[in-house]
Amino acid sequence: MGLIAKRSTLNDTWCRVSQFSKHPRFKLVSYILKLLLTAVILYFVFRGIELRLVLESMQKLSLGVILLLILGSFLRHLIQLTAWKLALRINPDYVPDASAELHSYLIGLPLAFIFPGGFASMGRILWVKNTSHVASALSFVVERAILTWAMVTFAATAAMLHFPGISPLWGLPIYLLLITLPLWSRYLFHFWKQGEPYRNQYTKSAPLLALLQVVAALIALSQYWLILNSIGSISWLDNFKLMSLTNFSNTLPITLAGLGLRESFAIHFLKEAGFVASQAISATLSLFLIQDVLPALIGLTVFWKKRK
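Below is a short write-up of the structure. Treat the numbers as computed from the prediction; the structure is a model and nothing was measured. (Residues numbered from 1 in each chain as written. Predicted model: local features only at pLDDT ≥ 70, side-chain atom pairs only at ≥ 80, totals over all residues. Heavy atoms only, no water.)

This part takes up the packing of helix 10 (residues 236-247) against helix 11 (residues 261-270). Viewed as axis vectors pointing N to C, helix 10 and helix 11 meet at an angle of 155°, and their least axial separation amounts to 8 Å. Taken as axis vectors, helix 10 and helix 11 run roughly antiparallel relative to one another. Note on packing geometry: the crossing formed by helix 10 with helix 11 is right-handed. Across the interface between the two elements, L242, M243, L245 and T246 from helix 10 touch R262, F265, A266, F269 and L270 from helix 11. Each residue belonging to the contact of helix 10 with helix 11 can be placed in one class, and the counts come to 7 nonpolar, 1 polar and 1 charged. (Axes fitted to C-alpha atoms, helices over the stretch in contact; angles between N-to-C directions. Helix = DSSP H or I, 4+ residues; strand = E, 2+ residues; numbered from the N terminus. Parallel < 35°, antiparallel > 145°, perpendicular 65-115°, else oblique. Left-handed = near helix turned anticlockwise from the far one by under 90°. Contact = heavy atoms within 4.5 Å. Nonpolar A, V, L, I, M, F, W, Y, C, P; charged D, E, K, R; others polar.)

Right under this line is the structure:
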């Protein structure tokens, strides 16, 4: 009886916490706090750095490099759109609609700026006809989880190469467990009774989803390599290690669009390759503008058209 009572108390507590976290006032306060945190981090990042130096570094990008960056971002968004389509098909009852999938993906881009970590981009599920919003939400979670897995895996690989103090006795088993996560994570569906219909589709889709995110990450690293070699000099291996560690900041949902935190990581790690703070900031901001801001403006246009 004591165990049952304890479980009941835990369930009641969880329900209260869940309801409180969904309260509009809690969401507003949480958003304001993270907005303030973003502002504080940006203040400390840019304190003592002349904006003129950042802009001068960005202006060193040639037209050819800018076109390559745009091409790379187009390919990355095409990959992410493909991943979104594949994730939707985890629901065996989903009826594909290419137009709705494209529009929902584009609409999700500006929504990612609303809340830290890009969670607001889940709003894209409202523009897709599915058997339920729960099924679409599951697809979003799967896609986002494998995207996060790719960033963490690249950061872990970079850490093992960059930090010689990591012991292979415990580091290697954890690393192997991490890189195979998309394969064995299908067993997690056993803990969700309603998720059984999705497990087989996830098992088929997970390897391709993982491969897509790996390719997207490699393109992003190539873009950084182009930018950094336009304003300085860095080898591909050093670029892989330092920018993979920098991109790990994107997994920490504590600032809006990763602003400030990503720049802090870049300043810290790129210093080892001889880049000053203004150059590190210009590298992350240049790609941020091309990869995130410009496509978000396109998505915002689609959003307003759909609302009308």
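Structure's up, so let's keep going.
Residue placement: K60 occurs in the loop between helix 3 (51-58) and helix 4 (63-88). Here K60 falls in the partly exposed class, since its relative accessible area comes to 48%. K60 has contacts with S230 and I231, leaving out every residue within four places of it along the chain. (Buried < 20%, exposed > 50% of the residue type's maximum accessible area, 1.4 Å probe, protein only.)

This part takes up the packing of aromatic side chains. Applying the stated rule across the entire model yields 5 aromatic pairs. Geometrically, the ring pair formed by W225 and W236 is edge-to-face, given 6.4 Å between the ring centres and 75° between the ring planes. Of this pair, W225 sits in helix 9 (residues 196-231) while W236 sits in helix 10, and the two are 11 residues apart along the sequence. Accessibility expressed as a relative area gives 33% for W225, which makes it partly exposed. Judged by its relative accessible area of 37%, W236 falls in the partly exposed class. One aromatic cluster in this structure is built from W127, F303 and W304. Between R124 and the ring centre of W84, over which it is positioned, the NZ or CZ distance is 4.7 Å. (Phe/Tyr/Trp six-rings, centres within 6.5 Å; stacked < 30°, edge-to-face > 60°. Lys NZ or Arg CZ within 6 Å of the ring centre and 35° of its normal.)

Throughout the structure, instances matching the rule amount to 4 salt bridges. With its nearest N and O atoms 3.1 Å apart, the salt bridge here joins R124 to E143. Here R124, found in the loop between helix 5 (98-111) and helix 6 (133-162), pairs with E143, found in helix 6; they are 19 residues apart in sequence, far enough to count as distant. We note that R124, like E143, is buried. (Salt bridge = Lys/Arg side-chain N within 4 Å of Asp/Glu carboxyl O.)

For the rest of this paragraph, the subject is the layout of surface pockets. Taken as a whole, the largest pocket encloses approximately 1100 Å³ of empty space. If you trace the largest pocket, you find 43 residues lining it, with R144, L147, M151, N250 and D292 closest to the centre. At the level of elements, helix 4, helix 5, helix 6, helix 9, helix 10 and helix 12 (277-307) are the ones that each hand at least two residues to the lining of the largest pocket. Ranked by residues supplied to the lining of the largest pocket, first place goes to helix 6 with 7 residues. Each residue belonging to the lining of the largest pocket can be placed in one class, and the counts come to 20 nonpolar, 17 polar and 6 charged. Counted as a void, the second largest pocket has a volume near 280 Å³. (1 Å grid on protein atoms, 1.4 Å probe; cavity = no way out; pocket = protein on both sides within 12 Å on 5 of 7 lines; lining within 4 Å. Points joined across faces, edges and corners; volume = space filled by probe spheres on them.)

The next thing to look at is the nonpolar core. L69, I227, L228, I234, M243, L270 and F275 are the most contacted members of the largest nonpolar core, which has 25 residues in total. For this core, the secondary structure elements donating two or more residues are helix 4, helix 6, helix 9, helix 10, helix 11 and helix 12. Considering each element in turn, this core owes the most residues, 6 residues, to helix 9. The contacts of L228, once residues within four sequence positions are left out, are S233, I234, N239, M243, L270, F275 and A283. (Core = buried A, V, L, I, M, F, W, Y, C linked by side-chain atoms within 4.5 Å.)

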